[in-house]
Structure formats: C-alpha cells, structure tokens
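Residue strings, one per chain:
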Amino acid sequence: MPLAVPPPVTVVIDRHDDVIHTHTALAAHHPSSGRLTLHPGPGTTSETGLAHDLLATLGKPPLLPGGFPGGRQPAWEAATAWMTALPVTRLTVLRAHRLNPRRTMRLLQLRALTGIHLTLVCHRPRLPTALHQALQTVNHAITTDFEAARRHYYGTAAAEPPPAQTPARSEGGWLTLPALDRLVSYDSPTPCAAPCAPPLIAWRHRPPPVLLTPHTAQRVAHRLHGATAHPRLAAAVAAALITGASLQQLATARPRDYDPAAATLALHDRARYTDGCAAYPVPPWASIFLQAAACFARLLSGEEQQLLATPGDRAHLLRVAETARLRPPQPPAARRQGPAGHVEWDWRERHETNRYEAMLAVRTRPSQG
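About the cut-offs
Residues numbered from 1 in each chain as written. Predicted model: local features only at pLDDT ≥ 70, side-chain atom pairs only at ≥ 80, totals over all residues. Heavy atoms only, no water. Helix = DSSP H or I, 4+ residues; strand = E, 2+ residues; numbered from the N terminus. Buried < 20%, exposed > 50% of the residue type's maximum accessible area, 1.4 Å probe, protein only. Contact = heavy atoms within 4.5 Å. Pairing = 2+ DSSP bridges. Axes fitted to C-alpha atoms, helices over the stretch in contact; angles between N-to-C directions. Left-handed = near helix turned anticlockwise from the far one by under 90°. Right-handed = clockwise from strand over helix to strand, strands pointing away. pLDDT = per-residue confidence, 0-100. Salt bridge = Lys/Arg side-chain N within 4 Å of Asp/Glu carboxyl O.

Once that is clear, we can look at the environment of Cys-192. Relative to the helices and strands, Cys-192 is located in the loop between β6 (175-176) and α7 (214-227). Of the residues examined, Cys-192 reaches a relative accessible area of 14% and is grouped as buried. Put simply, Cys-192 and His-268 are 76 residues apart on the chain and 6.5 Å apart in space, counted from C-alpha to C-alpha. Among residues more than four places away in sequence, those in contact with Cys-192 are Arg-256, His-268, Arg-270 and Cys-277.

What follows is the structure, encoded as structure tokens:
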C-alpha cells in the first residue's frame, strides 16, 4: 500500500485525436523502468476486462486459473498486487474518454492503493460527463500541451526514449531444479493456530536446497512472471525453490509469515514431519513474488487468508511450473512411467519408497540355516 498520497491524476486532452499522442504514450511503455501504457481493448466495457488488459500490459496471461468464491475472478486484486510489488510508478491510459464510471472508479481505486502516477488521455476536445464527474472526487490537473503530456508519459523532464532492451534469449529449454524434488511429497504439516515466530532454519534433517546462481535466478523470475498472473501460484513456485518444501508445508504460510524487513518466510510444522516451524531466508529475486502474494491475500480476506497455493491448487501449481519450463530431476529413460516429454513430479517419492520397501524386505526375509 502507498506510503504517501499519490500525485494528482493528470488528464491529457488530445483535441484532434492526433496519432503522435498515441505513438508517444505507447513508446513510453517500459515496465522495467516503472512505466506502463494501457491501451484498453475495444468492444468491452466490463471492469474485469479492463483488469485483464492491465495484467496483459504487465506481461502476464490475463486469466487467473482456479475457482473462486461466487465465480468472481479477482483480476483487479491480482493486478493491484503485482503493481504494488513491481517497481511500477506510472500508468498512462489511452482512450480514457471511453471509460464508463465503473472502469474509471477502478482506476482511481488502483491509484489510491498503489500510489501510482495516473495519466488519462482523452482523445476529444473536452471531457465526457462521466469522466468529469469521477474526477471531482480526486485531485487532478488537465493539460492540452503535448510537451507537458510527454513528460507525464515518461516521468522525466527530458522525455527521452526508453533504453533499448536486450533481446530475450530463447526460453524453450527446461530448467531442472533439484529444489522442486519435494514439492509433491506426502507429508502433512498443519499451520500454527496462534502467531508463531520461529528461528531461522537449521537444516538438521535434510540438506538445504542449492542456491540458484544469479543468472539462473533471473531466468526463473522471468519465466514465472510470464507464466501466470496468479500471485499465489507464482509465489508458491518461488517459495518451493528457496525452501525445498512440499506443497502441504507451503500451505501453512499466512501473510504475517512473510517478513519483508527481515527477508524471511516462516513455514510451520508443529509435528516436526521435517524441520519443524522455521523461517527461511528470501533472496531478492523471490521477494517480489512473496510481496505480490501477501498483498493479494490481504486484498481478498486479510491476515487469515493463505499466503501461497494450497493442496487443492496442486494441478494448477504444477501447470504453472511446467508452463515456465521448470521441473525437478527426471528418472532415467528406462524407469519412466509416462510418455516422453511428460514431467514426473513424484519420481523422487517413488524412488525413496521403493528403496525403503526393498530395505524392509531384506530385514524381514527369513534366515536360511
């Protein structure tokens, strides 16, 4: 949530629907520099449709997988969560004269929650009545000057074009990550009913997951951002990679268990199936996903809302990981149980179960005298 009052809404009057306004605003779009330009899709007036457009502008698939109470997809909550976590400071909305009152109020609420600098471009000689009435509720300024408008699109006095982006490398190959080995383990820890502040993990019962190199962490983050708009699912995959925990244990986390100041995530295990209740260090690359998930949970229901994916989200979670081309180590070809290309998430579990059963068989075999 914003720490200060957001700047006034800027309204740009493009009297003659000059193409230079649209081209300049679209050229200013540069998410990594904190600038978004939203061009609402034609033919729809729904609030959810505008949220989907915003998620697409953030580089995310617009639809959130899974079922939701009342059948209402929390697309605005997801968009707000991502804009809170990501370094987005400016949002320019083209074709603002077509916004109906509900869409306009959604954008104003987004500004209040995130603190962004909101610029609305009206491609008409004057404000339509609906937009004029909505703006009476907020501090705003109107400009007809193109140079002033360009400064708002870019947020800099010089209004220079954005720096050239390095072409993305091919992302087609799988990243095989041992930390995902336990994601589908069959342990069953339960969350703590009262607030719990456990110590840092001591790794007495299992080795810690291998730290990702900066290059691999960058690739993982890039893939996760593009794989889903659902903050919980993206954060759950990120959390699995930094903790090596199972989905059941990840589901014990609540928003209060993520401490951004200390950069830790607490997971719970009162019965000590694995490591007991423990806090895990959160590297910077994963913090954005956890910040988005914490904001998303609070927007939905508050502190009692689960922070990460739940066991009921298992199919969606694995699909997100596979969409991002992330997988655990796979069995040798001779031991595969699925078709070629199919990710076997429970290979480690099967392997350990078979080894344990073989040990029991040896111990219980009658001696021959």
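Still more to cover.
For the rest of this paragraph, the subject is the sheet that holds strand β2 (residues 35-38). Read across the sheet, five strands follow the order β2-β3-β4-β1-β5 without closing on themselves; strand pairing throughout is parallel. With partners counted over all chains shown, the strands left at the sheet margins are β2 and β5 (140-143), one partner each. If you compare each strand with its neighbour and ignore which way they point, the axes differ by 20° on average. Bridging between strand β1 (residues 9-13) and β5 involves four bridges; their strand directions are parallel. Across the sheet, residue Val-9 finds its bridge partner in β5, namely His-140. Along the sheet, helix α2 (residues 47-57) contacts β2 and β3 (90-93); its crossing angle with β2, the most-contacted strand, is approximately 140°.

With that settled, the discussion passes to the packing of helix α3 (residues 75-85) against helix α4 (residues 101-114). When two helices pack together, you describe them by how their axes are tilted relative to each other and by the distance separating the axes. Contact geometry of α3 with α4 gives a least axis separation of 10 Å together with a crossing angle of 35°. With respect to the hand of their crossing, α3 and α4 are arranged in right-handed fashion. Counted together, Trp-76, Thr-80, Met-83 and Thr-84 of α3 and Arg-106, Leu-107, Leu-110, Leu-113 and Thr-114 of α4 form the full contact between these two elements.

Of all six residues making up strand β4 (residues 117-122), six are buried, and the element is well covered by its neighbours. In β4, alternate side chains face the same way, and those of His-117, Thr-119 and Val-121 on one face and Leu-118, Leu-120 and Cys-122 on the other are all buried. Summarising the sheet, β1 and β4 pair through four bridges and their orientation is parallel. Pairing of Val-11 across the sheet is with Leu-120, part of β4. Pairing of β3 with β4, which is carried by four bridges, proceeds in the parallel orientation. From the neighbouring strand, Arg-90 faces β4, where its bridge partner is His-117. The handedness of the β3 to β4 crossover, carried by α4, is right-handed.

Within the chain, residue pLDDT values average 89, and 89% of them lie at 70 or more. Considering only residues more than four positions removed or in separate chains, one finds that residues 157-170, a stretch of pLDDT under 50, has 14 contacts.

What follows covers the pattern of salt bridges. Oppositely charged side chains can pair when the atoms bearing their charge come close. In this structure the tally under the stated criterion is six salt bridges. Among the salt bridges present, the one from Arg-102 reaches Glu-47, with a minimum N-O distance of 3.6 Å. Of this pair, Arg-102 sits in helix α4 while Glu-47 is found in helix α2, placing the two residues 55 residues apart along the sequence. Overall, Glu-47 belongs to the partly exposed group, its relative accessible area being 21%. Of the charged contacts, one joins Arg-72 and Glu-77 as a salt bridge, the two residues approaching to 2.8 Å between their closest N and O atoms. The class of Arg-72 is partly exposed, set by a relative accessible area of 42%. When salt bridges with common partners are traced through the structure, they connect Glu-47, Arg-102 and Arg-106 into a single cluster.

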